[in-house]
Every structure is written in structure tokens, then in C-alpha cells.
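Take a look at the letters that make up each chain.
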Amino acid sequence: MARSRNKDPQALRQSLLEFATHLIITQGLHGLTMDKVVKGTGISKGGLQYHFPTRQALVDAVFDTTMQQFLAEVEAEMAADTRPGLRATRAYIRACCREMSEQEVALNQGIMAALFADPVLRERWADFINTRMPADDKGSDDGTTALFCRMAADGLCYASLCNVHPMTATQRETLVQRLLALTE
């Protein structure tokens, strides 16, 4: 029996992207192959290559989607924060340091592994953080406090993803609150 084709190319592309993300979550970045996406989604190899010509294009799309979701989370946190001070930095801290589901942890671990292995992705991530993330005014300390807080939030996130410096939920919350206090 012939399979019906999806008439919505954007929906199909999104479905392929979701399956690729699922593979990264369940099997790690090394588990993402074009053949697995073809088998898992039932699309032809040509259909997959129409949307994602290479495995790297698929990795890039997952990476781009993850960056956009992070940016949206930071922007939502900023919109909810009306206090003065380093509002963008507080939003960054909250987005970096929130509790993640097991799936989010697995996806971020896969992306982190890709960042360390691929200089092009690493450069794209640096450009994203340095140019696309909302920033605060430099303030009286030339931006040192905001930079310190963001770097500490990065460290807390990466430590959590790598399971180093294990801490209780209370300890984690105390660290986050100390960082947030520095932004007031």
C-alpha cells in the first residue's frame, strides 16, 4: 500500500527535526545518522536530503532550534522581570540554571559534546552568546558583575550537565539566589 505524502513541507521538516532531536536524546549525537532518520520517519532518503542534505545540516538545524528556544526563554524571563538592575543577566541566570527534564539534559549533553568536537559549532555558539543574547547596560562597573554572573551561570549549567560538583537542590538554589542578588 502506498504511503500518503505529507503535503506540508514545513510540517515534514519539523517532524524530521523532532526525530533527529529524539535520536540525540536517546542515543547521543553519535546515534544521529541519516539512515536512522530515514528508517524512523519512513521518509525516502531523497526526501530527507531535500530538507537536510547532510547529517551536518541536520545537526545544525537541531543546534539552531535549541539556540532559538534558549533565546525565547531568556526573553520570556526578561519580560516577566520588572525590577531595575541587570534584568537581562537575571533572565540569563534563570534560563541557564533552571531544573531540566531528563530529555533536556540528554539533548544539551549531546549539543555540548558537539560544541567541544566541532570548532564551527563552537564559533556559532560563541557568536550567538556574544551577539544575540540580550545584554544589560554596562553600569558603573563596566559590565564586570553581569559577566561574572553569566559565567557563573554557565559553569553551574555545565557542571550539572557533566554531573560534577554534585549538590543538593537546596545548595543549587542558594547558589542561584546569590547570583541573582548580585544583579540587584
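Small disclaimer: the values here were computed from a predicted structure and weren't measured.

Scanning the protein from N- to C-terminus turns up nine helices and zero strands. Taking the principal axes of its C-alpha atoms as reference, the protein extends roughly 65 × 30 × 30 Å. The buried share among the 184 residues of the protein stands at 39%. The long-range share in the protein, meaning contacts at least 24 apart out of those at least 6 apart in sequence, stands at 67%. Accessible surface, the protein as shown: approximately 11100 Å² in total, 56% of it carbon and sulfur. Distance from the positive charge centre (20 side chains) to the negative charge centre (22 side chains) of the protein: 7 Å.

Let's shift gears to the pattern of salt bridges. Counted by the stated rule, this structure contains ten salt bridges. When the shortest N-O distance is used, the salt bridge between Glu-73 and Arg-98 registers 2.4 Å. Taken together, the residues Glu-73 in helix α4 (residues 55-80) and Arg-98 in the loop between α5 (87-97) and α6 (102-117) connect sequence positions 25 residues apart. Across the pair Glu-104 and Arg-98 runs a salt bridge whose closest N-O atoms are separated by 2.5 Å. Glu-104 gets classed as partly exposed once you look at its relative accessible area, which sits at 27%.

This brings us to the confidence of the model for the protein. For any part of a model where pLDDT is low, the fine detail of the predicted coordinates should not be relied upon. On average, residues of the protein carry a pLDDT of 90, and 95% of them reach 70 or more. By mean pLDDT, the top-scoring element of the protein is α5 (96), and the lowest-scoring one is α6 (89).

As a further point, take helix α7 (residues 119-132). Under the 1.5 Å per step criterion, the end-to-end length of α7 is 19 Å for 14 residues, consistent within 8% with the ideal 20 Å. Looking only at α7, the buried set comprises Leu-121, Phe-128 and Ile-129. Down the axis of α7, the sector holding all buried residues measures 90°, keeping them to one side. Exposed residues on α7 whose side chains face more than 90 degrees from its buried face are Pro-119, Val-120, Glu-123, Asn-130 and Thr-131. Buried residues belonging to α7 abut α4, α5 and α6. Structurally, the start of α7 carries an N-cap: the backbone nitrogen of Val-120 is 2.8 Å from a side-chain oxygen of Asp-118.

A separate point is the UniProt feature "domain: HTH tetR-type" (unreviewed entry) in the protein. The sites that carry the UniProt feature "domain: HTH tetR-type" (unreviewed entry) are, in the present numbering, residues 10-70. As a span, residues 10-70 carries 80% helix and 0% strand, and end to end its C-alpha atoms are 21 Å apart.

Of all hydrophobic cores here, the largest spans 49 residues; its most connected members are Leu-32, Val-37, Leu-48, Phe-70, Ile-93 and Met-133. When contributions to this core are tallied by element, the ones reaching two or more residues are α1 (9-27), α2 (34-41), α4, α5, α6, α7, α8 (144-162) and α9 (169-182). The biggest single contributor to this core is α4, with ten residues. What Leu-48 contacts, discounting residues up to four positions off in sequence, is Leu-16, Met-34, Val-37, Val-38 and Ile-43.

Turning next to the packing of aromatic side chains. Tallied over the full model, the rule gives four aromatic pairs. Aromatic side chains Trp-125 and Phe-128 sit 5.5 Å apart centroid to centroid with 35° between the ring planes, which places their arrangement in the tilted category. One end of the pair, Trp-125, and the other, Phe-128, are both in helix α7, three residues apart, so they sit about a helical turn from each other. Judged by relative accessible area, which is 23%, Trp-125 ranks as partly exposed.

The next thing to look at is the side chain of Arg-150. Secondary-structure assignment places Arg-150 in helix α8. An unpaired buried charge is present at Arg-150: no salt bridge exists, and Asp-136, the closest side chain of opposite charge, is 4.0 Å distant. Beyond its immediate sequence surroundings of up to four residues, Arg-150 is in contact with Ala-88, Thr-89, Tyr-92, Met-133, Pro-134, Ala-135 and Asp-136.

The rules behind each value
Residues numbered from 1 in each chain as written. Predicted model: local features only at pLDDT ≥ 70, side-chain atom pairs only at ≥ 80, totals over all residues. Heavy atoms only, no water. Helix = DSSP H or I, 4+ residues; strand = E, 2+ residues; numbered from the N terminus. Buried < 20%, exposed > 50% of the residue type's maximum accessible area, 1.4 Å probe, protein only. Contact = heavy atoms within 4.5 Å. Areas by Shrake-Rupley, 256 points an atom, 1.4 Å probe, with all protein chains shown as cover. Lys, Arg positive; Asp, Glu negative; His and termini not counted. Charge placed at Lys NZ, Arg CZ, Asp CG, Glu CD. Salt bridge = Lys/Arg side-chain N within 4 Å of Asp/Glu carboxyl O. pLDDT = per-residue confidence, 0-100. Expected span 1.5 Å × (residues − 1). Arc of directions from axis to C-beta. Polar contact = N/O pair within 3.5 Å; in protein donor to acceptor, adjacent residues only side chain to side chain. UniProt positions renumbered as here; feature names shortened; annotations may be inferred. Core = buried A, V, L, I, M, F, W, Y, C linked by side-chain atoms within 4.5 Å. Phe/Tyr/Trp six-rings, centres within 6.5 Å; stacked < 30°, edge-to-face > 60°.

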